[in-house]
Amino acid sequence: MTDFHIYLVEDEQNLSEVIKAYMEKEQWHVTVFDNGNDAIQAIEHPPHLWVLDIMLPGTDGYQILKEIRNKQGNIPVIFISARDQDLDRVLGLEMGSDDYLAKPFLPQELIIRAKKLLSRVYGEQTKETKKVEINDYIIDPEARTIIDADNKDTYVDLTTKEMDLVLLLTEEVGKAFSREDIIESVWGENYFGSERAVDDVVRRVRKKLPRIHLETLYGFGYRVLSS
């Protein structure tokens, strides 16, 4: 799948034009916003990926990210910023961004990171992708949805990381995954932070999917059991 739709929120016109040109070479459709207020208005129509500058006229990137997580849940987000790198990285990851890139950066580096994130989130869409049914939850890896059949077939609202974790652990029910395995698969090789982030996501998944038996393997990691 190559025709991804990207929302690029960047107020530096020269930079946004360069990034847009690189993305269009990948056959991605790009919508550019040069201020936070316009980006907020577009949240009702989700893209496949947000590339989001932190410092913007009007509504800043942090406020936009908060709205994205409230209304779009698991849509992936890459933060970019020219401010304090460590502070912005930590704050962005804590708020739910999936990756962070400090200015100045090479446009090709952003493309590489976007490709990895899109591949991890959406994968290769194939006909062999099968739905998983476990404890009256119907998990559709291709659509990235979970239906709670025990609650009038309602959809369960998960963030990107929560959905990635569920898809990883339910791909092979009963298989044990170490925290290192989970970090590499869900956060990626460039993750900067503590392994306790895994425990935080597991805690949220257990709260949202209480009937799934997500077992803790102390000192190692986690696995999902069939009953």
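Every value quoted in this text rests on a predicted model; they were computed, and no experiment measured them. (Residues numbered from 1 in each chain as written. Predicted model: local features only at pLDDT ≥ 70, side-chain atom pairs only at ≥ 80, totals over all residues. Heavy atoms only, no water.)

By the element assignment, Arg144 lies in the loop between strand E7 (137-140) and strand E8 (145-148). Owing to a relative accessible area of 7%, Arg144 belongs among the buried residues under this scheme. Residues Arg144 and Asp164 lie 20 residues apart in sequence; the distance between their C-alpha atoms is 8.8 Å. Those residues in contact with Arg144 that lie beyond four places of it in its chain are Asn74, Val121, Tyr122, Thr160, Met163, Asp164 and Leu167. Here Val121 takes part through its backbone oxygen, which lies 2.7 Å from a polar atom of the side chain of Arg144. (Helix = DSSP H or I, 4+ residues; strand = E, 2+ residues; numbered from the N terminus. Buried < 20%, exposed > 50% of the residue type's maximum accessible area, 1.4 Å probe, protein only. Contact = heavy atoms within 4.5 Å. Polar contact = N/O pair within 3.5 Å; in protein donor to acceptor, adjacent residues only side chain to side chain.)

A few words on the packing of helix H1 (residues 13-25) against helix H5 (residues 107-122). Across the interface, H1 lies against H5 with an axial gap of 10 Å and an inter-helix angle of 50°. With respect to their mutual orientation, H1 and H5 come out oblique. The handedness of the crossing between H1 and H5 comes out as right-handed. Taking contact as the criterion, the partners of Val18, Ile19, Tyr22 and Met23 in H1 are, on H5, Pro107, Gln108, Leu110 and Ile111. Split into classes, the residues belonging to the contact of H1 with H5 amount to seven nonpolar, one polar and no charged. (Axes fitted to C-alpha atoms, helices over the stretch in contact; angles between N-to-C directions. Parallel < 35°, antiparallel > 145°, perpendicular 65-115°, else oblique. Left-handed = near helix turned anticlockwise from the far one by under 90°. Nonpolar A, V, L, I, M, F, W, Y, C, P; charged D, E, K, R; others polar.)

Let us now look at the packing of helix H6 (residues 160-171) against helix H7 (residues 179-187). Each pair of packed helices can be summarised by the angle the axes make with each other and by the distance between the axes. At a closest axis distance of 9 Å, the pairing of H6 and H7 adopts a crossing angle of 125°. Of the possible angle classes, the one that applies to H6 and H7 is oblique. Here H6 and H7 pass one another in a crossing that is right-handed. Within the contact between the two elements, H6 uses Lys161, Asp164, Leu165 and Leu168 and H7 uses Ile182, Ser185, Val186 and Trp187. Residue composition of the contact of H6 with H7, by class: five nonpolar, one polar and two charged.

Take a negative patch on the surface next. A surface patch of negative charge is lined by Glu180, Asp181, Glu184, Glu189 and Glu195. As for its placement among the helices and strands, Glu184 is situated in helix H7. (Patch = residues over 30% accessible without salt bridge, like charges linked within 9 Å, V, L, I, M, F, W, Y side chains within 5 Å. Areas by Shrake-Rupley, 256 points an atom, 1.4 Å probe, with all protein chains shown as cover. Salt bridge = Lys/Arg side-chain N within 4 Å of Asp/Glu carboxyl O. Lys, Arg positive; Asp, Glu negative; His and termini not counted. Charge placed at Lys NZ, Arg CZ, Asp CG, Glu CD.)

Turning to the environment of Asp199, a few remarks are in order. Here Asp199 is to be found in helix H8 (residues 196-208). Take Asp199: its relative accessible area is 24%, and that puts it in the partly exposed class. The sequence separation of Asp199 and Thr216 amounts to 17 residues, and the corresponding C-alpha distance is 9.5 Å. In this structure Asp199 touches Arg179 and Tyr222, once residues within four positions along its chain are discounted.

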